[in-house]
Amino acid sequence: MIPTAEPAQDNHRATYREVLAEPRFRLLFSTRAVAITADALRITTFSVLVFASTGSALLSALAFGIGFIPQLFGSLLLGSLADRLPPRALITGGYALTCAAALLIALVRMPIAASLGVVALVALATPVFHGASSRLVAQWLEGDAYVLGRSLNNIAASGAQLFGLALGGAAVAALGPHRALAVSAVLYLGCALAIRIRLPPLQPGEFGGTPGSARGDCGAVRASLHGAGLLLRGRTVRRLMLAQWLPPAFVAGAEGLIVAYAGERHFAPGWYAVLMGCLPVGMLVGDLLVGRLLLPPTRERLAVPLIALMGLPLVGFAAEPAVGVSSCLLLLCGFGFAYGLGLQRPFLDALPHDGQGQAFGLLGSGSMTLQGVGPACFGAVAAGVGTGGAIALAGGAAALTAGWILTWQPPTSPIPVPNCSTGSENGTEQHARSSPAQYPSQVGSAATVTRPTPTPP
């Protein structure tokens, strides 16, 4: 199952105050929160702009999701750059590129296809910028502080998305879609300037990317494909990625049916919004309580039960409950998202040091892609079994993921370090973070493993 931490050293429970006391994390945290607000504003405004220009619901939906799927290809083709280039330049360039794209769409009257292409091209590079940022967090926050740093990012992301959606509606109403897009560009520009001015420049040795390192001198695309292949072939990393991809994808499939479920059950107008808001509220509460009150080994042991908690309440939709019960079920489902906190340190410990940035980019892009695919898949299922049945099936699939994790066995060898100059996998080099993790045989077991102190994202 999930590896647990060393009791003598890693059982310290950090606080959010300790995490925010690190000024470099505080800078990345605050700029990312602003950028997520800008993302929500840009995505919704662009969708409105496309619908206003074409009257096509299909193109409007495509505009909403065009920035998701290209991220997976960007991670596979360019992900190694997150470990090879200076992070300040990468993160600054990422915000500047997104700013330029938003300004271009806002100020230049382009064909819709060209506008969609601009957004898709920016999405290709997004995993590189995000991977570089996550890698810095991993190096600057240690032990449980890293896990709480990820918790803070989750909380801020939920709040920023809600605020960005509200800001987008107000900006479109007051300024029109083109000027609203320009507002998002200003937010991105502010993030780029803040990173460029306040983030210290790091030399290659300080962020792990060194010329002639284990990745060799091969091109970025070859190195990215090689590194992604090694990550996904490594059993431990692959499993931990799937454990972070699949449950949210299944829940996203259920979430995409909430509006239709409310309509079929003839709930009063506006109740669908209340139901949709229950998931993020549950997520916020879960992250706060699990992150702040539980010790690190307890979080890791509770990862599987929390995954089950994500899925099992949704199974109750098979009975087509009324709005009050539906709200409670969705709150419980959202609370289960805190399972991710129990996977952060095991995932970090499983990564090769020279591939952390690419791994974080691949983790994020894979999650975004599957969460885009989930609603389409379960929407098709709903055509045959009804929305309540499809939501229940999505919940059952998430619960089955918890059962799958219980079958995990201990890994037998460390992840090889990529070496594309020879085209081989150097299996003799030791894992950068830890020895192979030990997996408790059942939920609640107290198995522990000795590890070096992590230098996390």
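Residues numbered from 1 in each chain as written. Predicted model: local features only at pLDDT ≥ 70, side-chain atom pairs only at ≥ 80, totals over all residues. Heavy atoms only, no water.

What is the right way to look at a nonpolar patch on the surface in this model?
Nonpolar side chains collect at one region of the surface, where I69, F73, L77, V221 and L225 lie side by side and expose about 430 Å² of accessible area between them. Within the residue set of the nonpolar patch, elements represented by two or more residues are α5 (70-78) and α12 (220-233). Relative accessible area serves as the criterion here: at 35%, L77 is assigned to the partly exposed category. (Patch = residues over 30% accessible without salt bridge, like charges linked within 9 Å, V, L, I, M, F, W, Y side chains within 5 Å. Areas by Shrake-Rupley, 256 points an atom, 1.4 Å probe, with all protein chains shown as cover. Salt bridge = Lys/Arg side-chain N within 4 Å of Asp/Glu carboxyl O. Helix = DSSP H or I, 4+ residues; strand = E, 2+ residues; numbered from the N terminus. Buried < 20%, exposed > 50% of the residue type's maximum accessible area, 1.4 Å probe, protein only.)

Explain the packing of helix α9 (residues 144-175) against helix α10 (residues 177-198) here, please?
Each pair of packed helices can be described by the angle between their axes along with the distance between the axes. Closest axis-to-axis distance for the α9/α10 pair is 7 Å, and the angle between their directions is 130°. Classed by the angle they form, the pair α9 and α10 counts as oblique. The chirality of how α9 crosses α10 is right-handed. On the side of α9, the interface is formed by A171, V172 and L175, while α10 contributes P177, R179, A180 and V183. Looking at the contact of α9 with α10, its residues break down into six nonpolar, no polar and one charged. (Axes fitted to C-alpha atoms, helices over the stretch in contact; angles between N-to-C directions. Parallel < 35°, antiparallel > 145°, perpendicular 65-115°, else oblique. Left-handed = near helix turned anticlockwise from the far one by under 90°. Contact = heavy atoms within 4.5 Å. Nonpolar A, V, L, I, M, F, W, Y, C, P; charged D, E, K, R; others polar.)

Whenever I open this one, the packing of aromatic side chains confuses me. Can you help?
In this description, a pair of aromatic rings is defined by centroid distance and the angle of the planes. Evaluation of the coordinates by the stated rule reveals six aromatic pairs. Plain terms: the ring middles of F250 and F378 are 6.3 Å apart, the flat faces sit at 85° to each other, and that makes the pair edge-to-face. With a gap of 128 residues between them, F250 in helix α13 (residues 235-255) and F378 in helix α20 (residues 356-406) connect regions that are remote in the sequence. Each ring, one from Y261 and one from F267, has its centre 5.9 Å from the other, and the planes form 75°; the classification is edge-to-face. The structure contains a cluster of three or more aromatic residues connected by ring pairs, namely Y261, F267 and F317. (Phe/Tyr/Trp six-rings, centres within 6.5 Å; stacked < 30°, edge-to-face > 60°.)

For this particular structure, what's the right way to read the pattern of salt bridges?
Oppositely charged side chains can form a pair if their charged atoms are brought close together. Using the criterion set out here, one finds five salt bridges in the structure. Where E300 meets R345, a salt bridge forms, and the shortest distance between an N and an O atom there is 3.4 Å. You can see E300 sitting in helix α16 (residues 296-301) and its partner R345 sitting in helix α19 (residues 341-350), a full 45 residues away along the chain. By relative accessible area, E300 is classed as buried at 3%.

Would you explain the nonpolar core in this entry?
Grouped burial of nonpolar side chains is what soluble globular proteins tend to show. If you look at the biggest cluster of nonpolar residues, it comprises 86 residues, and the most contacted ones within it are M241, L314, L330 and F347. With 11 residues, the single largest contributor to this core is α20. The contact partners of L314, leaving out residues within four places of it in the chain, are V251, A254, L330, C333, I391, A392 and G395. Core analysis: the second largest hydrophobic core is formed by 14 residues, F46, L49, A101 and V118 among them. (Core = buried A, V, L, I, M, F, W, Y, C linked by side-chain atoms within 4.5 Å.)

Any chance you could explain the side chain of Q344 here in plain terms?
Among the structural elements, Q344 can be located in helix α19. On the basis of relative accessibility, which here comes to 6%, the residue Q344 falls in the buried class. At a separation of 3.4 Å, a polar atom in the side chain of Q344 contacts the side chain of R150. At 2.8 Å, the side chain of Q344 and the backbone oxygen of G340 are in polar contact. Ignoring any residue separated from it by four or fewer positions in sequence, one finds Q344 in contact with Y146, V147, R150 and Q244. (Polar contact = N/O pair within 3.5 Å; in protein donor to acceptor, adjacent residues only side chain to side chain.)

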